[in-house]
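Working through the structure, step by step
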Amino acid sequence: MIETKGLRKSYPSGKHGRTVVDAVRGIDLHVRAGEIFGFLGPNGAGKTTTLRMLATLIRPDGGEALIAGADLLADPAGVRRRIGYVAQGGGTADAVTGREELVMQARMYGSRKADAQRQAEDALKAFDLTEFADRHCSTYSGGQRRRVDIALGVIHSPKVLFLDEPTVGLDPASRGQVWAEIKRLRAEGMTVVVTTHYLDEADALCDRVAIVDHGQVVVEGTPEALKREISGDVVLLGLAAGEAQPAADALRGQPCLHRLEPGEDGLRLYLDDGAAAIPLLLSVLNGAGIVPGTVQLQRPSLDDVFLARTGRSIEQS
Amino acid sequence: MKLARDTWLVFQRQVLLMWRTPIWIVIGITQPVFYLLLFAPLLKKVLAPMGATSYAEAYQIYVPGLLAVLCIFGGLYTGFSLLGELKAGIIERSRVTPVSRLALLLGRALRETVGLLVQAVIITLVALPFGLRVDPGSLLLAYLLLALLALMTSAISYGIALALPNDAAMAPVVNTIAQPIGLLSGVLLPLALAPMWLQRVAEWNPFYWAVEGMRALFSGHPGDSVVWQGLLIVTVLTVAAVFYSARLFSARIR
Ligand SMILES: Nc1ncnc2c1ncn2[C@@H]1O[C@H](COP(=O)(O)OP(=O)(O)OP(=O)(O)O)[C@@H](O)[C@H]1O
Ligand SMILES: [Mg+2]
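Notes on the structure in this doc start here. Values in this document were obtained by computation on a predicted structure and should not be read as measured data.

Cut-offs applied
- Residues numbered from 1 in each chain as written.
- Chains lettered and ligands numbered in written order.
- Predicted model: local features only at pLDDT ≥ 70, side-chain atom pairs only at ≥ 80, totals over all residues.
- Heavy atoms only, no water.
- Salt bridge = Lys/Arg side-chain N within 4 Å of Asp/Glu carboxyl O.
- Helix = DSSP H or I, 4+ residues; strand = E, 2+ residues; numbered from the N terminus.
- Buried < 20%, exposed > 50% of the residue type's maximum accessible area, 1.4 Å probe, protein only.
- Near = heavy atom within 4 Å.
- Polar contact = N/O pair within 3.5 Å; in protein donor to acceptor, adjacent residues only side chain to side chain.
- Areas by Shrake-Rupley, 256 points an atom, 1.4 Å probe, with all protein chains shown as cover.
- 1 Å grid on protein atoms, 1.4 Å probe; cavity = no way out; pocket = protein on both sides within 12 Å on 5 of 7 lines; lining within 4 Å.
- Points joined across faces, edges and corners; volume = space filled by probe spheres on them.
- Nonpolar A, V, L, I, M, F, W, Y, C, P; charged D, E, K, R; others polar.
- Donors = N, O, S within 2.8 Å, 3.2 Å for Na, K, Ca; no water.
- Patch = residues over 30% accessible without salt bridge, like charges linked within 9 Å, V, L, I, M, F, W, Y side chains within 5 Å.
- Pairing = 2+ DSSP bridges.
- Axes fitted to C-alpha atoms, helices over the stretch in contact; angles between N-to-C directions.
- Contact = heavy atoms within 4.5 Å.

Section: the pattern of salt bridges
Within this structure, the stated rule accounts for 27 salt bridges over all chains. Ionic pairing is found between Arg208(A) and Glu35(A), a salt bridge with its closest N-O pair at 3.1 Å. Here Arg208(A), found in strand β9 (residues 208-213), pairs with Glu35(A), found in the loop between β2 (19-31) and β3 (36-40); they are 173 residues apart in sequence, far enough to count as distant. Given a relative accessible area of 6%, Glu35(A) falls into the buried group. Here Glu85(B) and Arg108(B) are joined by a salt bridge, their closest N and O atoms 2.7 Å apart. One end of the pair, Glu85(B), is in helix α4 (residues 79-87); the other, Arg108(B), is in helix α6 (residues 101-127), with 23 residues separating them in the sequence. Classification of Arg108(B) as buried rests on a relative accessible area of 4%.

Examining the site of ligand 1
Residue and element names in this part refer to chain A. Around ligand 1 sit 14 residues in total, of which Asn-43, Gly-44, Lys-47, Thr-48 and Thr-49 are the nearest. Here an oxygen atom of ligand 1 and a backbone polar atom of Gly-44 are 2.8 Å apart. Thr-49 places a polar side-chain atom, nitrogen or oxygen, 2.5 Å from an oxygen atom of ligand 1. Protein contact buries 68% of the 630 Å² of open area that ligand 1 shows by itself. For the shell around ligand 1, the elements supplying multiple residues, two or more each, are β2 and α1 (47-54). In terms of residue count, the dominant contributor to the shell around ligand 1 is α1 (3 residues).

What about empty space enclosed by the protein?
If a probe as big as a water molecule is rolled over the atoms, it shows which places are left empty. Across all of its chains, the model carries 2 cavities of 30 Å³ or more by this definition. Mapped onto the lining of the largest cavity, the elements with two or more residues apiece are α3 (98-108) of chain A together with α1 (2-19), α5 (90-96) and α6 of chain B. Ranked by residues supplied to the lining of the largest cavity, first place goes to α1(B) with 4 residues. In this structure, the second largest cavity spans a volume of roughly 90 Å³. Around the second largest cavity sit Tyr85(A), Val86(A), Ala87(A), Gly90(A), Gly91(A), Gln105(A), Asp149(A), Leu152(A), Gly153(A), Gly89(B), Glu92(B) and Arg93(B), which together line it. Of all the secondary structure elements, the ones that give two or more residues to the lining of the second largest cavity are β6 (83-86) and α5 (142-153) of chain A together with α5 of chain B. At 3 residues, the largest contribution of residues to the lining of the second largest cavity is made by α5(A). Of the residues that constitute the lining of the second largest cavity, the class distribution is 4 nonpolar, 5 polar and 3 charged.

Quick word on the coordination of the magnesium ion (ligand 2)
All names here are of chain A. For the magnesium ion (ligand 2), the full set of protein donor atoms is Thr-48 (OG1) and Gln-88 (OE1), at a range of 1.8 to 2.4 Å. Of the two residues, Thr-48 is situated in helix α1 and Gln-88 in the loop between β6 and α3; the sequence distance between them amounts to 40 residues. A relative accessible area of 38% places Gln-88 in the partly exposed class.

So, a nonpolar patch on the surface
A cluster of nonpolar side chains, namely Ile23(B), Trp24(B), Val26(B) and Ile27(B), defines an oily patch on the protein surface of about 410 Å² accessible area. Classification of Ile27(B) by relative accessible area gives partly exposed; the value is 33%.

Points about the sheet that holds strand β14 (residues 294-298) of chain A
Residues and elements named next belong to chain A. Pairing is antiparallel in the open sheet, where 4 strands are placed in the order β12-β13-β11-β14. Two strands lie at the open edges of the sheet, namely β12 (257-263) and β14, each paired on one side alone. On average, each strand axis in the sheet is inclined to that of its neighbour by 20°, with strand direction left out of account. Two strands pair when backbone bridges link them, and strand β11 (residues 233-238) and strand β13 (residues 266-271) are joined in this way by 6 bridges, in the antiparallel orientation. Along β13, the bridge assignment pairs Leu-236 with Arg-268. Along the sheet face, helix α10 (residues 274-287) touches β11, β13 and β14 and points at about 35° away from the line of β11. Against the sheet, helix α11 (residues 302-310) touches β11, β12 and β13, its axis set at about 90° to β13.

Things to note about the sheet that holds strand β1 (residues 2-13) of chain A
Residues and elements named next belong to chain A. The sheet built from 4 strands is open, its strands ordered β2-β1-β4-β5 with antiparallel pairing. Of all the strands in the sheet, just β2 and β5 (70-71) have a single pairing partner and so form its edges. Relative to β5, strand β4 (residues 62-67) runs antiparallel, the two sharing 2 bridges. The residue of β5 that forms the bridge with Leu-66 is Asp-71. Docked against the sheet, α1 engages β1, β2 and β4, running at close to 115° with respect to β1.

What follows is the structure, given as structure tokens:
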């Protein structure tokens, strides 16, 4: 549904615009029809820039992309008809109602007035917005506003929907509602590309994900396959400040350890069978005079995938 | 066709937004009327050297300048409202749709133009009891000139809002542009009162021609060459400004 090759974008930066930031440095993506595709990465990785290029808002400096059969560079108007895009910050005016915004949006996509009103009514019902549809957008809660934003993005039934951080800043209940809408859209046959910082959400809800860092795709695949590459378990040792380094020194060289990563408040250990290794690890640490405050056993997460590839964590950045 | 339809769509939305913030309507009406009423006592004396011997004659000189300054400055400052729309993501949302980019500009600029023309009509009406006399044909031409001025300066202002790298730069840039334009076009007082060198400089200011054209129309000389010269200069600049800003609406990367 979406194929990109070598998409690039740099911005002038610095005081006088003489240096450049390479926001996106060659992104290759393969998004399949009808899937929820997660686009993950730390702050400044280039997620928004990539989405804005695919939504025809900014012109790529290089590379190519085919979206639902339309060529991004040769036929941006065709791309626009096939896609919906919901920006990181939404895009509703304060002094108009949700219904008015939906009608306006449908009319910007070319519908006649009567059709636009019917489309708006349908969207209000589908997204369960009727209750506050005739209040000004300025009075909406964060979750309500977000759902209106998404309804605006799909008013013209696009083939592909781009959602930039749809759940950021929402409480867990509203996040759940937003994800329920996204899954409903997939059930209706839409392809959804969504960026998020919440890796556990992406893990649970995306069919496939791409993780980007510094403007490049680090890895792409199903969450299961990516985590499977990080074989085994993760053991999390909670340590007092200053103990992480001596603990790492003491444990390094243990045959059961694949890798170890010092974190904010302890150590992350990657190994095959965490449960069996914990007693041994603790005795080694005791030998070095270190007693961890807590010990946790975890399955690897998408953050561990990122950590394994880049040595940094998304969630702690 | 699509352009006209889309422009009308954007225009209607902008009108709706204006009605929803009535404070702007109140300010828009009271401000020019105050200008007219508070300056009235000063006018006769100040304009006496120009040959104004009565209030009526003073208004003949002052009102066209006031109308021009209203449209020039009103237009130049309208870009500030676009900053809010940019920040709220409304422009970006529109740009993802197939809506005409020229319409995104024109719908907004025309809303501003209509608002300024309504103010101009109010000022004209208020000035009538003070003895302002102008024949209807000349008045219509004058309103045409004003509409072009408002459209041009609005387009320039939106262009500035789109082209500047950050919002904080908007106020100094607009002020820096507006002040010399205002002073050198002789909007509030005619440049005939100014020293020769200043008049020479002013002749390079397109708004000077517009204001001179306005004055000719209000003093009952629609046939003066300065009228068609003013109209021509303003028309050319309006077309250029509209196309320049419309390009920014479609290519803007900020
Ligand atoms: N208009 C711009 N001008 C200059 N630099 C920009 C511009 N937009 C983005 N950048 C830079 O490009 C890089 C990528 O930004 P982008 O917004 O795509 O990141 P992101 O992955 O969406 O981050 P976040 O998770 O914080 O939203 C950043 O370094 C950012 O500072
Ligand atoms: Mg972003």
